[in-house]
Amino acid sequence: MSHLVVNSTVNGEPAEFLCEPHETLLHALRDTLLLTGTKEGCSNGNCGACSVLLDGVLVNSCLVLAPEVEGRQVTTIEGLTPREGLHPLQQQFLENAALQCGICTPGFIVASKALLDRNPHPTEAEVRHFLAGNLCRCTGYDKIVRAVLATAAAA
Amino acid sequence: MSDQTVFKVIGTRPVRHDGVDKVTGRALYGADVRMNGQLYGAMLRSPHAHARILSIDASAAEALPGVKSVVTGADLPAIADKFAATGEGAINLRHLSGNILAGRTALYWGHAIAAVAATTQTIADQAAALIRVEYEVLPPILDLATAMAPGAAPLHPDVVTNELGEKGKTPSNVAEHFRHEKGDIAAGFAAADVIIEREYKTGTVHQGYIEPHSATAQWNADGQLIIYCATQGAFGVRSEVSEILGVPISHIKVIPTEIGGGFGGKVSVYLEPVAALLSRKAGGRAVKMTMNRTEVLAATGPTSASIIKVKYGATRDGRLTAAQVWMAYEAGAYPGSPVGAGSGVILAPYDIPNVVIDGYDVLCNKPKANAYRAPGGTNAAYASESALDEVARALNIDPIEIRMKNAAKEGTRRADGPIFPRIGFVETLEAAQHHPHYTSPLERGSGPRRRGRGVASGFWFNFGGTSSASATVNPDGTVSLTEGSTDIGGSRTGIAMQFAESLGIPVDQVKPQVVDTDSVGYNDATGGSRTTFATGWVVYEIGQKIRTELIARAAKMLETEPGQVSFENGVFSNGAMNNIPYAQVAADLDKTGGPIVVSHSMRTKGEGTAFATHIVDVEVDIETGKVDILRYTATQDVGHAIHPSYVEGQIQGGAAQGIGWALNEEYVYDKNGKLLNAGLLDYRMPTTLDLPMIEAVLVEVPNPKHPYGVRGVGEVPIVPPAGAIANAIFDATGVRMMELPMSPARNLAALVAAAAPASG
């Protein structure tokens, strides 16, 4: 099968990679660019574990074809982590014990960043509405919602 | 429990040791493993719920460029019946072998038939689709009534009923019928003023962990087999692979990755032996197999659908005089539903003098049931706590009051035998009774929106089991703590905290790590709510031994006897005369006798049992049948909370899973046994929008058998939710929901039926 060359920007750096035409962005990130912080939970857009930002907009990377990111900006959990220390959301997730197994955590943090970027002081109802595309099976969401609210309150 | 009453570490809320790895995405889970030259596996699964496999022709698959190996059930050695403990019940290894690759018969939709390894995932998937299987389709058995009917066609020619301990003579889908008896049931009902007898049904549900199963295996020419996988128990994977493939355990090293949830569903193997066989046939190249979500739902987990009949007798003043239970659980394709555990849970909170419980383990053409958090407990308590609510209403007694009146206490004998040690059930009831949630009035709603409040309690056994660990004191004063218990929800930190408390150092000086099966002594799986209890106890003992040794070293440095040296606040002191900081003693270990390395292993007992009482307010839209959870409070005897945040997290997460089971989750099969909702859109687990904050009330009745009073906390919170919600729906609408899940469609049908004028 012939491969396509894709030129994009991933986490602020130019990324040129090869992919099959049917390949998802999720697989290109994980298997080609080796950015395994983006997780695969369902591959059909129902769990949010593969959440990334595409030109700043929250998407499920399992529902984006890799060739679609030609010329576009992708931000993953790896790109959200600052050079020193942690992103405030990462810090609040830790301090609020907002993770148990941790597999959904990168997706929740990316989705929460997308929320706070457009609504820096959301209500609990707004947090719950925005994060409804991300499944967590461990926490019952209580501490996740609190971590996001705490991040907003501290900003 | 130790008489130490002031704790420095236990009860605090430190950031977990593996936290940064997990919030930055650097933590490596099952599917993140990548070995040089690895191949990718794919599984061909049965498109029929029940079919004889007449032939398998893999020639077209093998001819596809890039395909390196193909395996089928014929590649598995025949093995005899042998039962192995998983930490969540026992498993027959012969059946486990048949489950990971079918033998002569496909027993459920999605049953693994053959597997392929190829140079890319795309080629592997294409090759699997090229394998031609000739099936003789057989009628599927998809419900308990059909499976148990006299003359029903048996799934297995070699499964007979174990009838009250006696083996039957003819094949049957009832693998076991057991009975627990206590007192005189007829006399108990004769003494009752009120009798309530009801029948409940519950659907098949899945554990729903977000991480699909993944395993990577490399089987070298020297016979050494390495397996990376996300598992609740690396040692269990080692022994199961050893038995299924006929390989000595000394040839197998299992390297556990981080695990993305399990809830019991990752205590036994699925892919590991298959990836190993593919690797051996491919000349020892590593083979990675990862399930997709459809495979996870179709062929792993789930927990049993059930039918449960409960009959209670009570006196006018609310004393339970008798209880009779009939419970049948679907085991799926192989024996081993959690009906045994369910029978221990169902009446456990109450001191009832006269009891009979009959349990049935029943085969059908659905995936083999696996453990799911307090296995068998949620559906059992849904039935018994719904019926108890009816008793309370018939007698006009407050639901917490009737539970209080009949509560089991230290010394009460359960119907299944054991006598309770010190337990905190009454304390959970008191905490619920006095909680502002229970004492505040409920606003009843208006129009089509009806509000109600419900209460239910629950029990779980907990498990102790075997743990091992070792610790090395480093020259900088940190301690490397090596353990073999899968950390599925923060247990590294809960264990490190107990170690730090025992030794007397800050928890951030402990470096816990979970290692492979060659690098630490045996550990049972993380299951049965045992890890913080058992592995915590092991590291307590290690901490005590290191403390003793450090005091001896400090005594040398202080030129005195160990008996003269105390260790407090990081300082070794010889009375007022002289002292030396911990860091100095650690730095000078080489000069005082060499490194300090301590290992310890224990078969723990005295795990203590867990009780919980939940309160829920619901709003039912009687025009749509939809139920919203308005407020949720969970009280639980947690023994002694080591890290309160993670204890709360277990309670909140367990309650959320119970709410999903109660309201939405169920497997939907067509008449041919095809699973129609094998995806997370239609297998509907709770989202952020479906839940309110869940208030966890930690009731601490320390377990007297554990040095720090620990009880397992992880499982019992999933037991009460379905009963509590059913009782709240009745309170809101006057309609009793007799089947789980209480989904909008089912609720609406029940509401409409109740509103219809009685015919005739």
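Residues numbered from 1 in each chain as written. Chains lettered and ligands numbered in written order. Predicted model: local features only at pLDDT ≥ 70, side-chain atom pairs only at ≥ 80, totals over all residues.

### Let's talk about the overall build of chain A
What chain A contains, in helices and strands, is six helices and five strands. Mapped from its N terminus to its C terminus, chain A presents α and β elements in the order β-β-α-β-β-β-α-α-α-α-α. Over its C-alpha trace chain A gives a radius of gyration of 15 Å, about what one expects of a compact globule, namely 15 Å for 155 residues. Oriented by its inertia axes, the alpha-carbon framework of chain A measures out at about 50 × 30 × 25 Å. Looking at chain A as a whole, 59% of its 155 residues qualify as buried. (Helix = DSSP H or I, 4+ residues; strand = E, 2+ residues; numbered from the N terminus. Rg over C-alpha atoms; globule rule 2.2 N^0.38 Å. Buried ≥ 20, exposed ≤ 12 C-beta atoms within 10 Å, placed from the backbone.)

### Thoughts on the interface of chain A and chain B
Contacts between chain A and chain B engage 42 residues on the former and 44 residues on the latter. Here the element with the most residues in the side of chain A that touches chain B is helix α3 (residues 88-95) of chain A; it accounts for four residues. For the side of chain A that touches chain B, the class distribution of residues is 20 nonpolar, 14 polar and eight charged. (Contact = placed C-beta atoms within 7 Å. Nonpolar A, V, L, I, M, F, W, Y, C, P; charged D, E, K, R; others polar.)

### Some details on helix α16 (residues 531-558) of chain B
Relative to the 40 Å expected for 28 residues at 1.5 Å per residue, α16 of chain B spans 39 Å between its end C-alpha atoms, a close match to the ideal helical length. In the stretch just after α16 of chain B, glutamate 559 of chain B is the one whose phi turns positive, near 55°. (Expected span 1.5 Å × (residues − 1).)

### Quick notes on the nonpolar core
Residues and elements named next belong to chain B. Val116, Ala217, Ile227, Val274, Val362, Ile725 and Ile729 are the most contacted members of the largest nonpolar core, which totals 295 residues. The leading source of residues in this core is α16, at 12 residues. Residues contacting valine 116, with those up to four places away along its chain left out, are Gly41, Ala42, Ala61, Val67, Val70, Ala124, Ala127 and Ala128. (Core = buried A, V, L, I, M, F, W, Y, C linked by C-beta atoms within 7 Å.)

### Structural notes on the packing of helix α15 (residues 491-503) of chain B against α16 of chain B
Residue and element names in this part refer to chain B. Packing of α15 against α16 leaves a shortest axis separation of 7 Å and a crossing angle of 30°. By the angle between their axes, α15 is roughly parallel relative to α16. For the element pair α15 and α16, the recorded crossing hand is right-handed. Seen from α15, the contacting residues are Ser491, Gly494, Ile495, Gln498, Phe499, Ser502 and Leu503; seen from α16, they are Thr531, Thr532, Thr535, Gly536, Val539, Tyr540, Ile542, Gly543, Gln544, Ile546 and Arg547. Classifying every residue of the contact of α15 with α16 gives seven nonpolar, 10 polar and one charged. (Axes fitted to C-alpha atoms, helices over the stretch in contact; angles between N-to-C directions. Parallel < 35°, antiparallel > 145°, perpendicular 65-115°, else oblique. Left-handed = near helix turned anticlockwise from the far one by under 90°.)

### Points about the pairing of strand β11 (residues 174-182) of chain B
Residue and element names in this part refer to chain B. Note: strand β9 (residues 160-163) against β11, two bridges, orientation parallel. Bridge pairing in β11 places asparagine 162 opposite glutamate 176. In this sheet, strand β19 (residues 354-363) lies alongside β11 in antiparallel orientation, the contact comprising eight bridges. Among the inter-strand pairings, histidine 177 is bridged to a residue of β19, identified as tyrosine 360. (Pairing = 2+ DSSP bridges.)

### Structural notes on the sheet that holds strand β16 (residues 287-290) of chain B
Residue and element names in this part refer to chain B. Pairing is mixed across the open sheet formed by seven strands, whose spatial order is β3-β7-β1-β16-β13-β14-β15. Two strands lie at the open edges of the sheet, namely β3 (67-72) and β15 (252-256), each paired on one side alone. Each neighbouring strand pair of the sheet contributes to a mean axis angle of 20°, computed without reference to strand direction. The pairing of strand β1 (residues 39-45) with strand β7 (residues 112-118) spans six bridges and is antiparallel. Of the residues in β7, the one forming a bridge with leucine 44 is alanine 114. In this fold helix α4 (residues 121-130) packs onto β1, β3 and β7, with an angle of close to 25° to the strand it touches most, β1. The strands touched by helix α7 (residues 234-245) are β14 (225-229) and β15; relative to β15, the strand with the most contacts, the crossing angle is about 145°.

### Description of the domain arrangement of chain B
Residues and elements named next belong to chain B. Parsing chain B into structural domains produces domain 1 (19-26 + 463-604), domain 2 (33-138 + 211-260 + 266-299) and domain 3 (306-462 + 608-755). On a C-alpha basis, the centres of domain 1 and domain 3 stand 39 Å from each other. Taken residue by residue, the interface counts 16 residues in domain 1 and 19 residues in domain 3. Of all the elements in the fold, those that place two or more residues in the side of domain 1 that touches domain 3 are α15 and α16. Looking at the side of domain 1 that touches domain 3, the element that brings in the most residues is α16, giving five residues. Here the side of domain 1 that touches domain 3 is built from residues that sort into five nonpolar, 10 polar and one charged. (Domains from an automatic or database assignment.)

### Brief notes about the domain arrangement of chain A
By a frequent convention, interface size equals the accessible area lost on bringing the separate parts together. Residue and element names in this part refer to chain A. Considered domain by domain, chain A is made up of domain 1 (4-79) and domain 2 (88-154). One C-alpha centre belongs to domain 1, the other to domain 2, and the line joining them spans 21 Å. Taken together, the contact between domain 1 and domain 2 spans 12 residues of the former and 11 residues of the latter. Per-element accounting of the side of domain 1 that touches domain 2 gives the leading share, three residues, to strand β3 (residues 51-54).

### Quick notes on helix α20 (residues 721-733) of chain B
All names here are of chain B. The first and last C-alpha atoms of α20 sit 18 Å apart over 13 residues, in line with the 18 Å expected at 1.5 Å per residue. Across the 13 residues of α20, 12 count as buried, placing the element largely inside the fold. Taken together, the buried positions of α20 are Pro721, Ala722, Gly723, Ala724, Ile725, Ala726, Asn727, Ala728, Ile729, Asp731, Ala732 and Thr733.

### With respect to the environment of valine 571 of chain B
Residue and element names in this part refer to chain B. Tracing the backbone through its elements, the reader meets valine 571 in strand β25 (residues 571-574). Look at valine 571 and you get partly exposed, because 16 C-beta atoms sit within 10 Å. Measuring from C-alpha to C-alpha, the distance between valine 571 and glycine 504 comes to 9.8 Å, with 67 residues separating the pair along the chain.

### A look at the environment of alanine 112 of chain B
All names here are of chain B. Mapped onto the elements, alanine 112 comes out in strand β7. Residues alanine 112 and arginine 316, spaced 204 residues apart in sequence, show a C-alpha to C-alpha distance of 56 Å. Setting aside chain neighbours within four positions, we find alanine 112 in contact with Met43, Arg45, Ile100, Leu101, Ala102 and Ala299.

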